[in-house]
Structures are given as C-alpha cells and as structure tokens.
Amino acid sequence: MSNRIFGVVGMILAFGYVFAALAIEESFLSDAVGPKAFPLIIAAVLGISSAIIALRPDAEPDWPSLGRLTEIAAAVVVMLIYAKLLPVAGFVLATACAAAYLTWRLGSGPAEAVAVGAGTSVGIYAVFHLILGLSLARGPWGF
Amino acid sequence: MELMSNLADGFAIALTWQNLLLALLGCFLGTVMGALPGLGPSNGVAILIPLAFTLGLGATPSLILLTSVYYGAMYGGRISSILLNIPGDEPAMMTCLDGYPMAQKGLAGEALSLSGIASFIGAFLATWGLILLAPQLVKIALLFGPAEYFALFALAFMTLGGVSSTNQAKSAFAAALGLGLATIGVDTQTGVPRFTFGEVHLYDGLDFLVAIVGLFALSEVFIFLENRHGGTADKSKLRLGRLYPPMSMVKACMPTMLRTSFLGFLAGVLPGAGASLGSFISYSMEKRLVDKEKTFGTGDPRGLAAPEAGNNAAAGGALVPMLALGVPGSGTTAVLLAVLLSLNITPGPLLFTQNPDVVWGLIAALFIANFMLLAMNIPMVGIFTRVLMIPSRILMPIVAMVSFVGIYGISGSSFDLMVMIGFGVMGWVLRKFDVPLVPIILGTLLGNSMENNLRRAVTIDNGNWWTLVDTPLAMTLWAIAIIGFVLPLLIGARVKAGMRLKKDQEGAISD
C-alpha cells in the first residue's frame with residue numbers, strides 16, 4: 001500500500017511540476033529549445049516511473065512504530081528550532097542544547113546527555129572556530 | 001615518456017608539507033569514518049567538504065584531503081566487518097563473509113593485516129589503471145560534442161539505475177527527482193526564474209552541497225533515531241591476537257588479489273557500478289574459481305582478500321570516468337564531483353589539458369595516501385579498533401552537528417539549514433522505500449550541464465531534435481545506455497538478490 005501511495009504522490013508531483021513548467025514566463029530572447037522543454041521531459045520520466053511504482057508495488061517497507069515516528073518528528077522539530085535559533089542564541093548554546101537532546105534520545109542518561117552536549121559544542125567550537133577559523137553563528141555573547 | 005614526466009610533476013606538487021599533512025589527516029579521518037558503522041565514504045566525504053572550503057584550500061589540496069578520506073574509508077570499512085560482523089560501510093559487506101569467521105577462529109589480527117595488504121594491492125594497481133586509462137578516455141572524450149555529452153549523461157543515469165536499485169522505476173524516479181531539483185533557479189540561458197515560487201533564496205538554485213549533506217549524513221541520524229541503536233561494540237570482540245600474517249598465507253592469496261584487483265577496477269570504471277559491486281563480483285568470481293574445498297564462508301583467507309582487493313580497486317576505477325568525463329561512477333565520486341564543481345573546476349577532458357597540476361597532483365597524492373594507509377592499517381590498526389568503542393549515541397549527534405556547522409559555515413543562512421533538514425527527512429523516507437539516493441545527487445550535480453548540452457545541441461542544429469542521435473558516437477552511447485538499463489531487468493535480479501542478502505539497514509547508502 002505504501003508503495004502505491006508513494007507512486008501516486010510522485011504522479012501528483014509530476015503534474016505539479018508540469019504546471020509550474022508551463023507557467024514559466026519565456027523571455028523574448030530565447031534559444032531554439034527554451035526553458036520549458038527540459039523540465040517537461042523530466043516531468044514525463046517522473047510521471048511514468050511513479051505510475052510504474054504505483055501499479056507494480058514492491059514489498060511493503062518496514063515502517064517503525066508510531067513511537068519511533070514521533071521520535072523522528074521530534075528530532076526534526078528540534079533541528080528546525082536549532083536552525084532558527086542559531087543566529088539568535090549563538091553557536092555554543094544552541095549546539096549544546098541540540099546535541100544534548102539527540103544524545104539523550106539515542107539512549108544516554110540525562111547527566112551524560114548534558115555532558116556530551118556541552119562537550120560536542122565546545123569541542124566543535126574549539127576545532128572549527130578557534131583552530132580552523134571557520135565563522136560560526138555569533139550570539140549575544142559573541143559565541 | 002610523457003607519462004613519467006607528468007607523474008614526476010605530480011609528485012613535485014604533492015610532496016609539499018601541507019599536502020602531505022592533508023593526505024595524512026585525510027587517511028586517518030577516512031579510516032575512522034570507514035570503520036564506524038553508519039559513516040560510509042560518501043557521507044564521510046560530504047561532511048568534510050565544507051571544512052576543505054573554510055580552510056581556504058586550493059583545488060589540489062582539497063582534492064588530496066578528500067580523496068585520501070575516500071581511499072581511507074575503503075580501507076577502514078573492513079575493520080568492523082572482521083571484528084564485529086557489521087560492515088563499516090556498504091562495500092565492506094562482502095568482507096564479513098570470511099573475515100568474521102577468521103576472527104572467531106582467533107585470527108583477527110591476521111585477517112586485518114591480510115585485508116590491509118589486499119586493500120593496498122587493489123588500490124595501488126587501480127591507481128596505475130587510472131593513470132593508463134584516463135588519458136585514453138580523454139582522447140575519446142575530446143571528440144564529444146554537446147549531443148554526445150547529453151547521451152553520456154543519459155548513459156550515466158541509466159546504467160546507475162541498472163545496478164543501484166532492485167527496482168528500475170525507483171532509480172528512474174530518483175534521477176528525475178534530482179534533475180528536477182537542479183532546474184530550480186534562474187535559467188542560465190535565458191535568465192528567467194524557474195520553479196522559484198517567488199522565493200528569493202531559490203534564485204541561485206539549490207546548493208547541491210546542502211542536498212548531499214542532508215540526504216547522506218542527516219538521514220543516517222534519523223535511521224539511528226528510528227532504530228535507537230545507541231550502544232557500543234562488545235569489548236571482548238576487539239581482541240586482535242597476532243598482527244602479521246604468515247608469508248605463506250599472503251603468497252597463497254596473491255593470485256586472488258591480482259585477479260580481483262583487475263576485476264574490481266573494471267567494475268569501478270563502469271558508470272554507476274561502484275565499489276559495492278566491485279567487491280561483490282570479486283568475491284563471487286573467486287568463489288567459483290578457487291573454492292574447490294568449499295572453504296569460502298568459513299574463514300578462508302582468499303575469501304577475505306578477494307572482496308577487499310576488489311572494492312579498493314573499484315574505488316580507484318570509479319575515479320576514471322569522474323576525472324576524464326566528468327561523469328562519476330559511484331556515490332562517493334559524485335560527492336567528489338561536487339567538490340570540483342564548487343571549486344569552479346569542470347572535470348572532463350579539458351581538465352587534463354588546462355589543469356594538469358590538479359590531475360597529476362591528485363594521482364601522486366593517491367600513491368602517497370596508499371602507502372600511508374598501509375602503514376596505518378597494519379601496525380597501527382589497534383588505534384582504529386579502539387574507535388569502534390565510541391557508542392553511536394555520542395557519535396551520531398556529533399555527525400549531525402558537524403553537518404550543520406559545515407553548511408552554516410559556507411552560506412551563513414538559516415534557510416539553507418532548513419533545506420538541509422528537509423533533504424534529511426526526504427532521504428530517510430526514500431531510504432525506507434528503497435529508492436537509491438545516488439541518482440538524486442547525480443541529478444542535482446549534472447542537471448544544469450545536461451540541460452545546457454541538450455539546448456546547445458538542438459540550437460546548433462536549428463531546432464532539429466534528431467541531432468541528438470545523429471552521429472555514430474552518440475548512437476553508440478545511446479545503445480550502451482539502453483543496454484545498461486534493460487540488461488539488469490533481465491539478469492540483474494539474481495545478482496542483486498545476492499548482494500542484498502548481507503546488507504544491513506545502517507550501511508544502506510550505496511557507494
């Protein structure tokens with residue numbers, strides 16, 4: 001079933017892509033092919049292959065339990081918050097929190113998670129910023 | 001001898017303190033990444049690319065660093081295969097078959113050093129193969145016009161689809177998805193924005209580095225979260241015993257190593273095949289050829305040497321089409337292509353005439369890296385076995401954070417980080433569906449030049465689309481492409497069933 005849904009989603013994607021391609025405004029100065037042709041060819045490949053996936057589905061993938069799925073969703077949310085807060089909170093604090101969260105969810109105890117989070121963050125800061133001179137996000141305190 | 005003088009020039013470039021140090025660092029990091037389950041050559045190289053940029057390295061030094069990582073990962077993959085029966089990366093999965101039984105018999109040290117020697121022979125011969133074959137390929141490639149290049153790109157996608165997935169439709173889907181992503185941004189020929197939906201960030205197109213790091217490295221983190229594999233290896237398994245194999249064992253394996261090096265190299269040169277196929281066919285061939293007493297699979301040293309020589313040779317072979325034609329033969333070489341493109345170097349025939357220093361410096365560095373790796377992987381292999389003690393609950397967050405740091409270091413924008421997370425989720429979902437990720441990467445990398453070549457070819461011929469199949473060269477390429485796509489449909493199922501048998505979920509990124 002999942003494969004059929006996947007195929008149908010792919011077909012919808014292909015149709016959306018076709019519409020977006022047809023909506024491209026052509027410039028008055030164009031080559032013989034124009035900006036639409038290649039996207040349309042790709043859309044055709046995308047659509048056909050999705051249709052085949054939907055019509056001849058593979059074996060069902062092995063989906064994780066709901067608990068595991070929420071785990072991944074939560075990690076995604078944490079990463080998105082991390083990406084947003086990075087310029088605001090500064091590299092060291094944001095990274096320590098995010099790394100501690102991931103370590104905790106992968107099975108560390110709370111104390112170990114905090115220690116690993118802080119260690120990862122400070123370690124990366126030291127190696128990448130202090131030694132290698134990479135510019136990292138600067139928060140209110142300059143790190 | 002032109003070749004020898006080129007090579008001598010290359011050594012002159014590679015033998016500076018900076019480059020030697022970078023090669024050493026690359027070899028070390030590569031072996032570590034290869035050894036750790038979950039970090040293969042492609043994501044290892046991917047997360048190090050930003051590092052190479054921010055260090056402000058030039059083209060040759062960055063390539064030396066990253067190809068050393070690549071070769072190193074090929075060596076390192078065997079360590080956890082032999083000691084833990086878990087392949088450190090996908091090409092190393094065949095090494096489990098005889099390596100782990102050897103370790104169980106108490107021959108872990110011998111297995112490690114023998115496979116180190118096999119790796120060295122495979123990589124060493126393949127580097128010679130690269131030197132001899134690449135310039136010949138360049139001569140052919142100089143005859144290519146835009147139509148032939150378009151056919152060549154199509155060939156790369158179609159043969160890649162043939163071997164990298166059990167389902168051709170899914171690899172076609174992946175290729176189309178990657179090419180589609182590449183069309184986002186301002187059209188290079190007419191200057192009109194395409195698929196940007198008014199988002200200014202998208203006008204430049206998606207940065208393929210963001211896509212690569214997201215698809216490879218972040219999706220791996222999600223896989224670990226899903227399985228909650230936070231643990232560490234069983235300490236008792238990490239005992240090595242004697243480190244050097246008896247001479248007789250090496251001698252007995254020598255014909256096997258030479259044969260499989262050759263075979264692996266060929267497998268690597270074929271677009272789309274890569275190191276995993278190289279080790280697989282090497283093992284199968286040797287099993288058929290020399291396994292008279294049915295000892296393969298029970299700890300036969302030849303069964304250990306075959307896949308190791310094969311996968312390292314394939315790693316060298318995969319560099320041939322990447323450098324000579326600009327069409328990578330595997331996932332990791334696709335990532336290396338991304339490095340070149342980001343450095344504004346277009347691989348292909350012109351690379352050899354315009355930037356010979358890059359090519360020959362790289363080749364010389366490969367030789368140097370090989371000797372360094374031999375030294376690291378036999379007397380010093382104990383260091384790397386200790387790396388296996390790092391539990392992944394500590395390792396994976398570091399991987400995630402280094403990925404974020406790298407991408408942020410390049411672009412300094414939160415938007416790119418969000419896109420990367422999006423790619424990470426996409427990579428996770430696609431891996432669940434067994435959709436290969438390498439065609440997506442290849443699509444985002446080659447999409448623009450594929451389209452440009454198509455449009456150039458048709459425009460030169462006044463809008464005549466038949467020009468694409470007009471020359472014998474183009475027709476040959478199309479014929480190979482079609483055979484490469486159809487043949488696996490007929491005979492591939494059996495081969496791939498065998499390859500998948502030993503595949504674990506965590507090493508599932510194919511090289």
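Here is a short report on the structure shown in this document. Numbering of residues starts from 1 in every chain and runs along the sequence as written. Chains and ligands are labelled sequentially in the order written, the chains with letters from A and the ligands with numbers from 1. Totals for whole chains, interfaces and linings use all residues, but because this is a predicted model, local features are given only for residues with pLDDT of at least 70 and pairs of side-chain atoms are given and counted only at 80 or more. Heavy atoms throughout the structure, all of them, feed into the side-chain values; hydrogens and water do not.

Details of the overall build of chain B
Rule in force here: The helix count covers DSSP runs of H or I at least four residues long, the strand count covers runs of E at least two residues long, and both are numbered beginning at the N terminus. Our radius of gyration looks at C-alpha atoms and nothing else; its globule reference is 2.2 Å times the residue count to the power 0.38. Note on contacts: a residue pair qualifies if any of its non-hydrogen atoms lie within 4.5 Å across the two residues. Surface accessibility follows the Shrake-Rupley procedure with a 1.4 Å probe radius. Residue values consider only the protein chains on display as shielding. As used throughout, the charge tally considers Lys and Arg to be positive and Asp and Glu to be negative, leaving His and the chain termini uncounted. The atoms used to mark charge sites are NZ of Lys, CZ of Arg, CG of Asp and CD of Glu.
Counting its secondary structure elements, chain B contains 19 helices and two strands. Here the C-alpha atoms of chain B give a radius of gyration of 22 Å, agreeing with the 24 Å that 2.2 N^0.38 yields for 511 residues. Projected onto its principal axes, the C-alpha positions of chain B cover 70 × 50 × 50 Å. Summarising the internal contacts of chain B: among those between residues at least 6 apart in sequence, 81% fall at separations of at least 24. As presented, chain B carries roughly 17100 Å² of accessible surface, and 67% of it is formed by carbon and sulfur atoms. Taking the average location of the 28 positive side-chain charges in chain B and that of its 28 negative ones, the two points are 12 Å from each other.

A closer look at the overall build of chain A
Defined as follows: Burial classification: accessible surface area is computed with a 1.4 Å probe over protein chains only, and a residue below 20% of its type maximum counts as buried, one above 50% as exposed, and the rest as partly exposed.
Secondary structure summary: chain A contains five helices and zero strands in total. If you list the helices and strands of chain A from N to C, you get α-α-α-α-α. Whereas a compact globule of 143 residues would reach a radius of gyration of roughly 15 Å, chain A reaches 23 Å, over 25% beyond that. Considering only C-alpha atoms, chain A reaches an extent of 55 × 45 × 20 Å along its principal axes. Within chain A, the fraction of its 143 residues that count as buried is 45%. Contacts in chain A between residues at least 24 apart in sequence constitute 63% of all its contacts with a sequence separation of at least 6.

Some thoughts on helix α12 (residues 331-342) of chain B
Residues and elements named next belong to chain B. Note the threshold: Here the expected length of a helix is defined as 1.5 Å per residue gap, with one fewer gap than residues.
Given a rise of 1.5 Å per residue, twelve residues ought to cover 16 Å, and the 17 Å separating the end C-alpha atoms of α12 matches this to within 8%. For α12, a buried count of ten out of twelve residues is recorded, marking the element as mostly surrounded by other parts of the structure. Looking only at α12, the buried set comprises Gly331, Thr332, Thr333, Ala334, Val335, Leu336, Leu337, Ala338, Val339 and Leu340. Each element contacted by the buried residues of α12 is listed here: α3 (41-54), α4 (59-84), α8 (208-227), α11 (301-325) and α18 (438-460). Within two residues after α12, asparagine 344 carries a phi angle of roughly 65 degrees, on the positive side.

Overview of the side chain of B:Ser413
So the rule is basically this: Between N or O atoms, a polar contact is any pair within 3.5 Å; within protein, one atom must be a potential hydrogen donor and the other a potential acceptor, and residues adjacent in sequence are included only when both atoms are from side chains.
Positionally, B:Ser413 belongs in the loop between α16 (392-411) and α17 (414-432). A polar side-chain atom of B:Ser413 sits 3.2 Å from the main-chain amide nitrogen of B:Asp416.

Observations regarding the environment of B:Leu243
Residue and element names in this part refer to chain B. Tracing the backbone shows leucine 243 in the loop between α8 and α9 (247-269). The partly exposed category is assigned to leucine 243, whose relative accessible area is 22%. On a C-alpha basis, the gap between leucine 243 and asparagine 43 in space is 30 Å, while along the polypeptide they are 200 residues apart. Apart from residues no more than four positions distant in its own chain, leucine 243 is found in contact with Gly109, Ser113, Ile378, Pro379 and Val381.

Here's the deal with a nonpolar patch on the surface
Residues and elements named next belong to chain B. How we decide: For patches, a residue must show more than 30% relative accessible area and have no salt bridge; joins then use 9 Å for like charges and 5 Å for nonpolar side chains, namely Val, Leu, Ile, Met, Phe, Trp and Tyr. The salt bridge definition used is simple: a Lys or Arg side-chain nitrogen within 4 Å of an Asp or Glu carboxyl oxygen.
A cluster of nonpolar side chains, contributed by Ile482, Ile483, Val486, Leu487, Leu489 and Leu490, occupies part of the molecular surface with about 560 Å² of accessible area. As for its position among the elements, isoleucine 482 is in helix α19 (residues 472-501). Its relative accessible area of 45% is what places isoleucine 482 among the partly exposed residues.

A short note on helix α2 (residues 17-35) of chain B
Residue and element names in this part refer to chain B. The terminal C-alpha atoms of α2 lie 27 Å apart, and with 19 residues this matches the ideal 27 Å at 1.5 Å per residue to within 8%. Listed as buried for α2 are Asn19, Leu22, Ala23, Gly26, Cys27, Gly30, Thr31, Val32, Met33, Gly34 and Ala35. Close packing links the buried residues of α2 with α1 (2-14), α3, α4, α14 (356-377) and α15 (381-387).

What about the packing of helix α3 (residues 66-89) of chain A against helix α4 (residues 91-105) of chain A?
Residues and elements named next belong to chain A. We apply this condition: Only the stretch in contact is used when a helix axis is fitted, and all axes are lines through C-alpha atoms; the angle between N-to-C directions ranges over 0 to 180 degrees. These descriptions rest on fixed angle ranges, namely under 35 degrees for roughly parallel, over 145 for roughly antiparallel, 65 to 115 for roughly perpendicular, and the rest for oblique.
Closest axis-to-axis distance for the α3/α4 pair is 8 Å, and the angle between their directions is 170 degrees. In this view, α3 runs roughly antiparallel relative to α4, as classed from their interaxial angle. Facing Glu71, Ala74, Ala75, Val78, Met79, Tyr82, Leu86 and Ala89 of α3, the residues of α4 in contact are Phe91, Leu93, Ala94, Thr95, Ala98, Tyr101, Leu102 and Arg105.

Describing the interface of chain A and chain B
The condition that has to hold: The nonpolar class holds Ala, Val, Leu, Ile, Met, Phe, Trp, Tyr, Cys and Pro. Asp, Glu, Lys and Arg form the charged class, and all remaining residues, Gly among them, are polar.
On the side of chain B, 62 residues touch chain A, which itself brings 69 residues to the contact. Inspection of the region where chain A meets chain B yields two salt bridges. Between A:Asp58 and B:Lys170 there is a salt bridge; the shortest N-O distance is 2.9 Å. Linking chain A to chain B there are nine residue pairs in polar contact (both at pLDDT 80 or more). When residues in the side of chain A that touches chain B are grouped by element, the largest group, 13 residues, is from α3(A). Looking at the side of chain A that touches chain B residue by residue, the classes come out as 45 nonpolar, 14 polar and ten charged.

Observations regarding the pattern of salt bridges
Oppositely charged side chains can pair when the atoms bearing their charge come close. All names here are of chain B. This structure, assessed with the given rule, holds twelve salt bridges over all chains. Close ionic contact of aspartate 300 with arginine 302 constitutes a salt bridge, the shortest N to O distance being 3.0 Å. Sharing partners across several salt bridges, the network here consists of Asp187, Arg194, Glu451 and Arg455.

Here we look at unusual backbone geometry
Residues and elements named next belong to chain B. Although it is not a glycine, phenylalanine 195 sits at a positive phi angle of roughly 50 degrees. One can find phenylalanine 195 in the loop between β2 (193-194) and α8. Residue asparagine 462 is not a glycine yet carries a positive backbone phi of 55 degrees. You can see asparagine 462 is positioned in the loop between α18 and α19. Look at asparagine 462 and you get exposed, because its relative accessible area is 72%.

Details of the packing of α1(B) against helix α5 (residues 93-141) of chain B
All names here are of chain B. The line we're drawing: By the definition used in this description, the sense in which the near helix is turned from the far one sets the handedness, with an anticlockwise turn below a right angle giving left-handed and a clockwise turn giving right-handed.
Where α1 meets α5, the closest approach of the two axes is 11 Å, and the angle between their N-to-C directions is 120 degrees. Comparing their axes, α5 and α1 come out oblique. Note on packing geometry: the crossing formed by α1 with α5 is right-handed. Contact residues: Leu3, Met4 and Leu7 in α1; Trp128, Ile131 and Leu132 in α5.

Examining the nonpolar core
Here is the rule we go by: Buried residues of nine kinds, namely Ala, Val, Leu, Ile, Met, Phe, Trp, Tyr and Cys, make up a nonpolar core once their side-chain atoms join them within 4.5 Å. Throughout, the edges of the domains are those of an automatic or database domain assignment.
Core analysis: the largest hydrophobic core is formed by 207 residues, its most contacted members being A:Phe91, B:Tyr70, B:Met257 and B:Phe404. For this core, the leading source of residues is α5(B), giving 17 residues. The residue makeup of this core includes at least three contributed by each of domain 1 (2-55) and domain 2 (66-131) of chain A. Those residues in contact with B:Phe404 that lie beyond four places of it in its chain are A:Met79, A:Tyr82, B:Leu218, B:Leu417, B:Met420 and B:Ile421.

Distances and angles like these do not, on their own, reveal function.
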